[in-house]
Amino acid sequence: FLPVYPSGRARSEHAAHWRRLAAAATTKWGCGGEGGCGGGEGEQRLQTGAVVRVGGVVSKPELNGKFGTVLRAANEAGRLGVRLEGGKEPISLHARNVSPLPPLDTLGVSVAALRSFSSAHAHLVSGLTVAEARHAIVEPLTCECGLSLARALHRLGAEDEAGRPLAAPATLFLIAADAEPLDAVLAAAERHAASTDSPGDAYLWLSPFCTNFHAPPAEAWPLSWWQGP
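Cut-offs applied
- Residues numbered from 1 in each chain as written.
- Predicted model: local features only at pLDDT ≥ 70, side-chain atom pairs only at ≥ 80, totals over all residues.
- Heavy atoms only, no water.
- Helix = DSSP H or I, 4+ residues; strand = E, 2+ residues; numbered from the N terminus.
- Buried < 20%, exposed > 50% of the residue type's maximum accessible area, 1.4 Å probe, protein only.
- Contact = heavy atoms within 4.5 Å.
- Areas by Shrake-Rupley, 256 points an atom, 1.4 Å probe, with all protein chains shown as cover.
- Phe/Tyr/Trp six-rings, centres within 6.5 Å; stacked < 30°, edge-to-face > 60°.
- Core = buried A, V, L, I, M, F, W, Y, C linked by side-chain atoms within 4.5 Å.
- Pairing = 2+ DSSP bridges.
- Axes fitted to C-alpha atoms, helices over the stretch in contact; angles between N-to-C directions.
- pLDDT = per-residue confidence, 0-100.
- Salt bridge = Lys/Arg side-chain N within 4 Å of Asp/Glu carboxyl O.
- Bend = angle between axes of the 7 residues up to and from the residue.
- Parallel < 35°, antiparallel > 145°, perpendicular 65-115°, else oblique.
- Left-handed = near helix turned anticlockwise from the far one by under 90°.
- Polar contact = N/O pair within 3.5 Å; in protein donor to acceptor, adjacent residues only side chain to side chain.

Is there a simple way to explain the overall build of the protein in this structure?
When you go through the protein residue by residue, the secondary structure sums to nine helices and nine strands. For the protein, the residues scored as buried account for 41% of the 229 residues in total. At a minimum sequence separation of 6, the contacts of the protein that also span at least 24 residues come to 65%. With an accessible surface of roughly 12400 Å², the protein has 54% of that area assigned to carbon and sulfur atoms.

Printed below as a string of structure tokens:
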């Protein structure tokens, strides 16, 4: 399903394009990561119902690392009512001592994005499993910006030649085992997109491209996070 190029020039241009994307994401958002550099931005998102992690509490260090849910918004003193996992009643914590957990990222990538990525890394992708490609290509490519490939593309407003975004809210969710060959997974993804009414508007959620591997794994989050909106 991948386009065939008569020379390595096109592959080199695609590879340079992906490296520029990663570098631009790092430059534009500084410290990288989905939540920015912390501080005021994080505190503004702490609304009722937010699932948070406690940190930096000096008086009761045993609370640090625990998860909880905000039940009362911050008062004038900046203190929130947070019910910790396993607790019944909320406790008072300052907003600076809690960090919101990132929401489940549902951005997907277009077929054009998959083709571009595969072309850029054709010499590396061939024969690799999903897990091997993640460790050998995706993680090194995104380590500086601290984002998923899909999130980096979206934040940079990357588009294909037709002017369509390379990343947008996913319309198809595909799950592939780590042991599956990446080539086969990408071919299946394109076939699936082609079977839809508007293949050009299909955005696929695939773990190697849409998961932020530089954030704690989602399975580490508390049950309240999975039950949230």
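I tried to follow the packing of aromatic side chains on my own but got confused; where do I start?
The geometry of an aromatic ring pair is captured by the separation of the ring centres together with the interplanar angle, meaning the angle of the planes. According to the stated counting rule, one finds two aromatic pairs in the structure shown. Measuring from centroid to centroid gives 5.0 Å for F117 and F209, while their planes differ by 85°, and the two rings are edge-to-face. Residue F117 is located in helix 3 (residues 111-120), and its partner F209 is located in helix 8 (residues 207-210); the two are separated by 92 residues in the primary sequence. Just as F117 is buried, F209 falls in that class too.

Can you help me understand the nonpolar core in this one?
Side chains of a nonpolar character, in soluble globular proteins, are inclined to be buried together. With 34 residues, the main nonpolar core has V109, L114, F117, L153, L204, L206 and F209 as its most contacted residues. Sorting the residues of this core by element identifies strand 6 (107-109), helix 3, helix 5 (130-142), helix 6 (149-156), helix 7 (182-194), strand 9 (204-205) and helix 8 as the ones contributing at least two each. Among the nonpolar cores identified, the runner-up in size contains 13 residues, and A50, V52, V70 and V82 belong to it.

Just checking my understanding: could you explain the sheet that holds strand 3 (residues 79-84) for this structure?
One key point about sheets: their strands pair by backbone hydrogen bonds, in either a parallel or an antiparallel sense. Taken in spatial order, the five strands of this open sheet run 4-3-2-1-5, and their pairing is antiparallel. If you trace the sheet from one side to the other, it starts and ends with strand 4 (91-94) and strand 5 (98-100), each paired once. On average, each strand axis in the sheet is tilted by 50° relative to the strand beside it, whichever way the strands run. Of the strand pairs in this sheet, strand 1 (residues 51-54) and strand 5 are connected by three bridges, and their pairing is antiparallel. Residue pairing across strands places V54 opposite V98, the latter belonging to strand 5.

I keep staring at the confidence of the model for the protein and nothing clicks. Help me out?
Low pLDDT means the predicted coordinates in that region are not meant to be read closely. For the protein, the average pLDDT comes to 80, and 75% of its residues sit at 70 or higher. Confidence drops under a pLDDT of 50 for residues 1-10, and excluding neighbours within four residues, the segment shows 12 contacts in the predicted structure. Throughout residues 27-44 the model reports pLDDT below 50, and contacts reaching past four residues in sequence, or to other chains, amount to 23 contacts.

Would you explain the pattern of salt bridges in this entry?
It is possible for side chains of opposite charge to pair when their charged atoms get near one another. Here the structure, examined in full by the defined rule, presents four salt bridges. In this structure, D105 and R151 form a salt bridge, with 2.7 Å as the shortest nitrogen-oxygen distance. Here D105 is found in the loop between strand 5 and strand 6, whereas its partner R151 is found in helix 6, with 46 residues between them in sequence. Each of the two residues, D105 as well as R151, counts as buried. Across the salt bridge formed by E139 and R134, the nearest N and O atoms sit 2.6 Å from each other. Given the relative accessible area of 28%, R134 is considered partly exposed.

Just checking my understanding: could you explain helix 5 for this structure?
Note: α-helices contain 3.6 residues per turn, so residues at a spacing of three or four share the same orientation. In helix 5, a bend of some 30° at A136 exceeds every other bend along the element, and P140, a proline, comes one to four places later. V130, A133, I137, V138, E139, L141 and T142 are the residues of helix 5 that are buried.

Please clarify how the packing of helix 3 against helix 7 should be interpreted in this entry.
Helices that pack against each other are described as a pair by the angle of their axes relative to one another and the distance between those axes. The geometry of helix 3 relative to helix 7 is characterised by a closest axis approach of 10 Å and an angle of 155° between their N-to-C directions. In terms of their interaxial angle, helix 3 and helix 7 are classed as roughly antiparallel. Like other packed secondary-structure pairs, helix 3 and helix 7 cross with a definite hand, here left-handed. Taken together, the residues of helix 7 that come into contact with helix 3 (itself represented by V111, L114, R115 and S118) are L186, A189, E190 and A193.

Just checking my understanding: could you explain the side chain of E139 for this structure?
Of note, E139 is situated in helix 5. A distance of 2.6 Å separates a polar atom in the side chain of E139 from a polar atom in the side chain of R134.

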